[in-house]
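Structural overview
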Amino acid sequence: MCGIVGYTARKDVENRILNTLELLEYRGYDSAGLAIYNEKFQQVVVRKCAGRVSDLREKCQEVPVAGTCGIGHTRWATHGGVCDENAHPHRCGRVTLVHNGIIENYEEIRDHFGLGGELISETDTEVIAALIDKFYDGRPRATISRAIKYIKGTFALVIMFDDKPGVIYAVRNVSPIVAAYTGDGTMLASDVAALGGQADKYMVVPEYHIVELHQNAILVYDEKDQKVKPEFLEIDWDTTRDGKGRYPFYMEKEIMEQPEVIKNALCSRIVDGHISLETDGIPDPLLTDCSRIVITACGTARHVGLASKALMQNILRMHVDVEYASEFMYSNPVIDEKTLVIVISQSGETIDTLEALKYARRQGARSIGVINVKGSSIARESDYVMYTAAGPEIAVASTKAYTTQLAVMYALIGRMAVLRGNFDESQEKSFIEGLLGISAGVQNVLDRRTDIHRIARDLLEAKDAFMIGRGLDYTILLEGALKLKEISYIHTEAYASGELKHGTIALITENTPVIAVVTQHDIKEKELSNIREVQSRGAQLTLFVSEDMELSDQEKYSHVFRLPAMDDRLSIFPVSAALQLLAYYVSMDRGLDVDKPRNLAKVVTVE
Ligand code: M6R
């Protein structure tokens, strides 16, 4: 969480810092700030405030700061409330810095070095600014090296020293920093999406290395203070971004992009009529020699794991566990060298997922990362990577990341089924035909979004809602409920329909909104009888049902939305688009900030 940026250039950087902070705002948006070295007055000027980058921009417009070297920050609060004082940058003596991460032992450091008297904020970060200032002897790299030896926790620190104008220093542990040459200088940021068309190559700052950013050079030093050659990677996705285009929110734009990005994720893995993972570099023995699979991820990505598990058990007849990444290493998971661990992450930076992966590898497991952001920490830590290539996802609520992760998992499962003898040629062929029809199925739902908008209107006043379904439908409802919760703030729970009468049905009363999904033909009758149970308690029922399923009691539903008839294994895709749209319209019509829901951040880099 928290977005950080630094520029040293030939022209003034204030506006560029503000623009880049806007691109990074999805990482946190409690408060924002910048610090610029003003050449005329030979001093660092700080502007910061609680609120959005737009508030900071207003503040800067009142009294602009001239200068060609500066740093910026957009915050997701961890230590200390949301207020001007706790906003970054923090300045102590000759040191100004911004930080992403958590310093676990900041109180110990503060007390041990007697720094308390110098602090204005309640943050862990300011303690580090004070520590670096205390150690500062005119040698920035030596000072930073000395200071970070005392720090426990994760950090990306971007630092300016008053007596080193025009130079920015950075160091990190776990929390990411990338650096790049721009046309007229150099920059660094928390992620590649922030490079915003200013660079075509970037480098990932290696952990515990110190980077010096000069106007004409990016210098990297290892832990022994030896200069090392930075390794630059091509930026091969569009970071120029045409903003939200004709859409009011990124979320809608990203929902609408799904047919295209799903197609890309699948087509690149279907070669000459067969599923091929050759471009991913995944060797066949990795998929044939494993005896069990463990999937670990967080939030939406974990829901992809649950759907994948259902499919894997069904098709591959393998033992699959899906674990919360945040619980993984504390649950003593059963892992050995025969276990294939699959980690799923859009950002590739979620710290719980990263730590789970590291733990699994220490136990001898082989790993595949299903990742969107190239060169991210999880991608670099995984034995093999399957990229989802969804392009930048800016809205905090995941949409196209979810469906492309699913698409990649389906390709992986299809390939495993062929290699492990679960699919013969004709089964592979029909599976591929199904995969190639997914985009059209999703498009079908998107084309009828005004119908979903109508359904959403009935949820605007709701305080609670329930979602019910069975089998694969249940896994997508978990994701649908998360979407509705996180952006509309309606308390929503997804239930496996058969579980309701073991407790939760007590909450269903007259007009309680219940959303049911029925796409699985083999369990349709059981599902419909569970639906009747809530209907008879007065629930206000909305049904998402495959168009080839007959309904005898259509009139008993508040709404019925027909989903395109597809192979049962694939209907999860159009359902997910429908539930994303439902959450989107409820949030928008409630007048909420759809892309930036309260208390959340897109990239969760703290445990
Ligand atoms: O970047 P990741 O996929 O690792 O993020 C994991 C979760 O934080 C994320 O899926 C989150 O649940 C979604 N943004 C919710 O829509």
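In what follows, the structure referred to is the one given above.
Residues numbered from 1 in each chain as written. Predicted model: local features only at pLDDT ≥ 70, side-chain atom pairs only at ≥ 80, totals over all residues. Heavy atoms only, no water.

**Observations regarding the overall build of the protein**
Secondary structure summary: the protein contains 19 helices and 27 strands in total. Expected size for 607 residues packed as a compact globule is a radius of gyration near 25 Å; at 25 Å, the protein falls within 12% of this value. Projecting the C-alpha coordinates of the protein onto the three principal axes gives extents of approximately 80 × 55 × 45 Å. Within the protein, the fraction of its 607 residues that count as buried is 62%. (Helix = DSSP H or I, 4+ residues; strand = E, 2+ residues; numbered from the N terminus. Rg over C-alpha atoms; globule rule 2.2 N^0.38 Å. Buried < 20%, exposed > 50% of the residue type's maximum accessible area, 1.4 Å probe, protein only.)

**Let's talk about the site of the ligand**
The immediate surroundings of the ligand are formed by 14 residues, with Ser-345, Gln-346, Ser-347, Thr-350 and Glu-486 found nearest. Here an oxygen atom of the ligand and a backbone polar atom of Ser-398 are 2.8 Å apart. Separating an oxygen atom of the ligand from a side-chain N or O atom of Lys-483 is a distance of 3.1 Å. About the coverage of the ligand: the protein hides 91% of its 410 Å² of free accessible area. A per-class count over the shell around the ligand returns five nonpolar, seven polar and two charged. (Near = heavy atom within 4 Å. Polar contact = N/O pair within 3.5 Å; in protein donor to acceptor, adjacent residues only side chain to side chain. Areas by Shrake-Rupley, 256 points an atom, 1.4 Å probe, with all protein chains shown as cover. Nonpolar A, V, L, I, M, F, W, Y, C, P; charged D, E, K, R; others polar.)

**Some remarks on the side chain of Thr-350**
On the secondary structure map, Thr-350 appears in the loop between strand E20 (339-345) and helix H11 (351-362). The residues touching Thr-350, leaving out its near neighbours within four places in the chain, are Cys-298, Ser-345, Ile-378 and Val-604. (Contact = heavy atoms within 4.5 Å.)

**Observations regarding the state of the cysteines**
Following the criterion strictly, the structure yields zero disulfides and no others. The thiol of Cys-60 is unpaired, and the distance to the nearest cysteine sulfur, on Cys-49, comes to 8.0 Å. For Cys-60, a relative accessible area of 2% translates into the label buried. The thiol of Cys-92 is not disulfide-bonded; the next cysteine sulfur, from Cys-83, is found 15 Å away. (Disulfide = S-S within 2.5 Å.)

**Focus: the nonpolar core**
In terms of nonpolar packing, the biggest core is built from 97 residues, with Ile-342 and Tyr-410 touching the most fellow members. Considering each element in turn, this core owes the most residues, twelve residues, to helix H19 (residues 572-589). (Core = buried A, V, L, I, M, F, W, Y, C linked by side-chain atoms within 4.5 Å.)

**Examining the packing of aromatic side chains**
Within this structure, the stated rule accounts for 15 aromatic pairs. Taking 6.5 Å as the distance between ring centres and 40 degrees as the angle between the ring planes, the aromatic pair formed by Phe-466 and Tyr-495 counts as tilted. On the criterion of sequence distance, the pair formed by Phe-466 in strand E23 (residues 464-469) and Tyr-495 in strand E24 (residues 491-496) is long-range, its members being 29 residues apart. Of the residues examined, Phe-466 reaches a relative accessible area of 3% and is grouped as buried. A cation sits over an aromatic face here: Arg-141 above Tyr-221, 3.6 Å from the ring centre. The aromatic ring of Tyr-387 is capped on one face by Lys-374, whose charged end is 5.1 Å from the ring centroid. (Phe/Tyr/Trp six-rings, centres within 6.5 Å; stacked < 30°, edge-to-face > 60°. Lys NZ or Arg CZ within 6 Å of the ring centre and 35° of its normal.)

**Observations regarding the packing of helix H1 (residues 14-24) against helix H2 (residues 53-62)**
When two helices pack together, their arrangement is given by the angle between the helix axes and the distance between those axes. Direction vectors running N to C along H1 and H2 enclose 165 degrees, while the axes themselves pass 10 Å from each other. In terms of orientation, H1 lies roughly antiparallel with respect to H2. Of the two elements, H1 crosses H2, and the hand of that crossing is left-handed. Contacts between H1 and H2 involve Glu-14, Asn-15, Leu-18, Asn-19, Leu-21 and Glu-22 on the former and, on the latter, Val-53, Leu-56, Arg-57 and Cys-60. (Axes fitted to C-alpha atoms, helices over the stretch in contact; angles between N-to-C directions. Parallel < 35°, antiparallel > 145°, perpendicular 65-115°, else oblique. Left-handed = near helix turned anticlockwise from the far one by under 90°.)

**Brief notes about the environment of Pro-283**
Considering the arrangement of structural elements, one finds Pro-283 in the loop between strand E17 (274-275) and helix H8 (284-288). Once the C-alpha coordinates of Pro-283 and Arg-172 are considered, the two residues, 111 residues apart in sequence, prove to be 33 Å apart.

**Observations regarding the sheet that holds strand E3 (residues 43-50)**
The sheet built from eight strands is open, its strands ordered E3-E2-E4-E1-E10-E9-E11-E15 with antiparallel pairing. On the outer flanks of this sheet lie E3 and strand E15 (232-234), each paired with one strand and no other. Neighbouring strand axes in the sheet, compared pairwise and without regard to direction, differ in orientation by 20 degrees on average. Two strands pair when backbone bridges link them, and strand E9 (residues 178-182) and strand E11 (residues 201-204) are joined in this way by two bridges, in the antiparallel orientation. (Pairing = 2+ DSSP bridges.)

**Focus on the packing of helix H7 (residues 258-267) against helix H15 (residues 438-447)**
Where H7 contacts H15, the two axes come as close as 9 Å, and the packing angle between them is 170 degrees. Between H7 and H15, the interaxial angle falls into the category roughly antiparallel. Between H7, through Gln-258, Pro-259, Ile-262, Lys-263 and Leu-266, and H15, the contact on the second element is made entirely by Ile-438, Ser-439, Val-442, Gln-443 and Leu-446. The residue makeup of the contact of H7 with H15, split by class, is six nonpolar, three polar and one charged.

**Some points on unusual backbone geometry**
Cis geometry is found at the peptide bond from His-88 to Pro-89, where omega equals 0 degrees. With respect to the helices and strands, the residue Pro-89 is situated in the loop between strand E4 (69-75) and strand E5 (90-92). Not every positive phi belongs to a glycine, and Asn-332 is a case in point at roughly 50 degrees. Within the element layout of this structure, Asn-332 appears in the loop between helix H10 (325-328) and E20. In this structure, Asn-511 is a non-glycine residue whose phi angle is positive, near 70 degrees. As for its position among the elements, Asn-511 is in the loop between E24 and strand E25 (513-518). Judged by its relative accessible area of 52%, Asn-511 falls in the exposed class.

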